[in-house]
Every structure is written in C-alpha cells, then in structure tokens.
Amino acid sequence: MEQNITINSEEEYQAFLKQLPKYRGLRGLFTTFTITGTVHKEELKDFETALNLKNRRKRMTFLFDRACDIIDRYNAENGITCSYNGEGICEDPKHQTRKNGCCCHCYLQSSTGCPSRNLSCKFYFCDHICKKFRPLTMEDIDLLKMFNWSEREIIKNNVFVTRRTYINLLCLGSYLLFCVYSIVKFYRIRNVF
C-alpha cells in the first residue's frame, strides 16, 4: 500500500505531527510513504526515510543518529560548547573541583574526550551554559516525535552509556527495564560522592 502526503503549510505540518502515532503503527508496516511539501523540507525527508524503515532497529538507529546530527550542527552553528582550560577544568566555578565538569561521573570518558555518541548527553547542559546560550531541547526536534512515551523517557535520562547500549535500550522500549538498568549503571558511575 502506498500513501502520498503533501504538506504545504505550517498547519498541515502540525496536523502531520499529530498523525505520527498512526503512521508509525501497525498500519505503517505495510505502507510505503511519499512525503512532499514546501515547508520543513529537511524534516519531511527525514520522516519519509524513518517511516519507510520497517525494521525497528534500523529505524531506531536512523532516528538516533539523525537527532545527534541535528544537535551537533545546531551547536556548531551557534558556538555552543563546554569551555575547559588546558587542564580540563570547567570555567564555571561550581564545577572546578573535578576534571571534565559534568562528565566527571562518566566511566566512558577518556583523555581524548568522549568515545561514545549519546543523545541524552547532547541534551544536557548545566545552568552556566544555558545562561550563555540557548541549547536545543527534545521539543525542538520534531523527529523525536517518532518515539513513543517510554522511548522518549529513555532519551531524557540515558546518560553515560555507549551508543550500542543506548540503541539496545531504545529497541527494547521498556521503561521498567531501563529503570533496572539505571540502578545497575549508578554503581558504575565515577565520583558520585
């Protein structure tokens, strides 16, 4: 079955976003989507690609990677980055007691920086950075509306894990399993106390 969707106004785009649960549901598994429009062209192309990926892991991976790319591009264009001196000490006085600021708790960190790509970490910025810049939030990225409630909760709270583990948790989609995993992860975090 094929479905052609044309979006030529902001109202049509918002209506499309409200219909996403229907499109990504069981009916969407047997539908090939063609989405065209004159507004939000880049987002529409991403939605078309995601909706036409019928394998759950491939869809989750695409959405994860694309959201990371959107955040990275936005941060680069707006100069949003954590500032450290030559010794890895944050410029914010509240975070100067440990190296690598907020990331000091992560067991993945290395001397060359973060070896993982983590969507939750990309959304987190301390108050010091938020006063200087306006970082993106989950609500700013329409593509994340492709995720259901439990998957969005995992995205909000899944810091300090590898990309592979992150995608595995998203594919499971169980918030209960994520909570159990988070308790175990808590004991692996560095410098908690």
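Computed from a predicted structure; not experimentally measured.

Caption draft 1: Here's a closer look at the overall build of the chain. In terms of regular secondary structure, the chain is built from nine helices and two strands. The N-to-C order of helical and strand elements in the chain reads β-α-α-β-α-α-α-α-α-α-α. With respect to the three principal axes, the spread of C-alpha positions in the chain is 60 × 35 × 25 Å. Across the 193 residues of the chain, 39% fall into the buried class. When contacts within the chain are restricted to residue pairs at least 6 apart in sequence, those whose partners lie at least 24 apart make up 64%. Roughly 11,200 Å² of accessible area belongs to the chain as shown, and the carbon and sulfur atoms make up 55% of that amount.

Caption draft 2: Molecular detail of the packing of aromatic side chains. Per the counting criterion, the structure on display carries six aromatic pairs. One aromatic cluster is present, built from ring pairs that chain together F16, Y23, F33 and F47.

Caption draft 3: Up close: the pairing of strand 1 (residues 2-7). Alternating residues of strand 1 divide into Q3, I5 and I7, all buried, and E2, N4 and T6, none buried. With six bridges connecting them, strand 1 and strand 2 (residues 32-37) associate as parallel partners. Looking at strand 2, one finds that T6 is bridged to T36.

Caption draft 4: Region of the structure containing the packing of helix 3 (residues 41-52) against helix 4 (residues 56-78). Interaxial distance between helix 3 and helix 4 falls to 9 Å at its minimum, and their mutual angle equals 160°. Considered as vectors, helix 3 and helix 4 are oriented roughly antiparallel to each other. Between helix 3 and helix 4 lies a crossing whose hand is right-handed. Packed against helix 3, whose contacting residues are E42, D46, T49, A50 and L51, the element helix 4 presents R59, F62, L63, R66, I70 and R73 at the interface. Among the residues forming the contact of helix 3 with helix 4, the class breakdown is five nonpolar, one polar and five charged.

Caption draft 5: Up close: the side chain of N75. One can find N75 in helix 4. Taking the relative accessible area as the measure of exposure, N75 reaches 11% and is therefore buried.

Caption draft 6: Representation of the nonpolar core within the structure. Core analysis: the largest hydrophobic core is formed by 38 residues, its most contacted members being F16, I35, F47, L119, L144 and I155. Among the elements that line this core, the one with the most residues is helix 4, at seven residues.

Caption draft 7: Just the packing of helix 4 against helix 8 (residues 163-172), in detail. At a minimum axis distance of 10 Å, the contact between helix 4 and helix 8 shows a crossing angle of 125°. Taken together, the axes of helix 4 and helix 8 lie oblique to each other. Note on packing geometry: the crossing formed by helix 4 with helix 8 is right-handed. Facing R56, R57, M60, T61, F64 and D65 of helix 4, the residues of helix 8 in contact are R163, Y166, I167, N168, L170, C171 and L172. Across the contact of helix 4 with helix 8, the residue classes tally to seven nonpolar, two polar and four charged.

Reading guide: rules and limits
- Residues numbered from 1 in each chain as written.
- Predicted model: local features only at pLDDT ≥ 70, side-chain atom pairs only at ≥ 80, totals over all residues.
- Heavy atoms only, no water.
- Helix = DSSP H or I, 4+ residues; strand = E, 2+ residues; numbered from the N terminus.
- Buried < 20%, exposed > 50% of the residue type's maximum accessible area, 1.4 Å probe, protein only.
- Contact = heavy atoms within 4.5 Å.
- Areas by Shrake-Rupley, 256 points an atom, 1.4 Å probe, with all protein chains shown as cover.
- Phe/Tyr/Trp six-rings, centres within 6.5 Å; stacked < 30°, edge-to-face > 60°.
- Pairing = 2+ DSSP bridges.
- Axes fitted to C-alpha atoms, helices over the stretch in contact; angles between N-to-C directions.
- Parallel < 35°, antiparallel > 145°, perpendicular 65-115°, else oblique.
- Left-handed = near helix turned anticlockwise from the far one by under 90°.
- Nonpolar A, V, L, I, M, F, W, Y, C, P; charged D, E, K, R; others polar.
- Core = buried A, V, L, I, M, F, W, Y, C linked by side-chain atoms within 4.5 Å.

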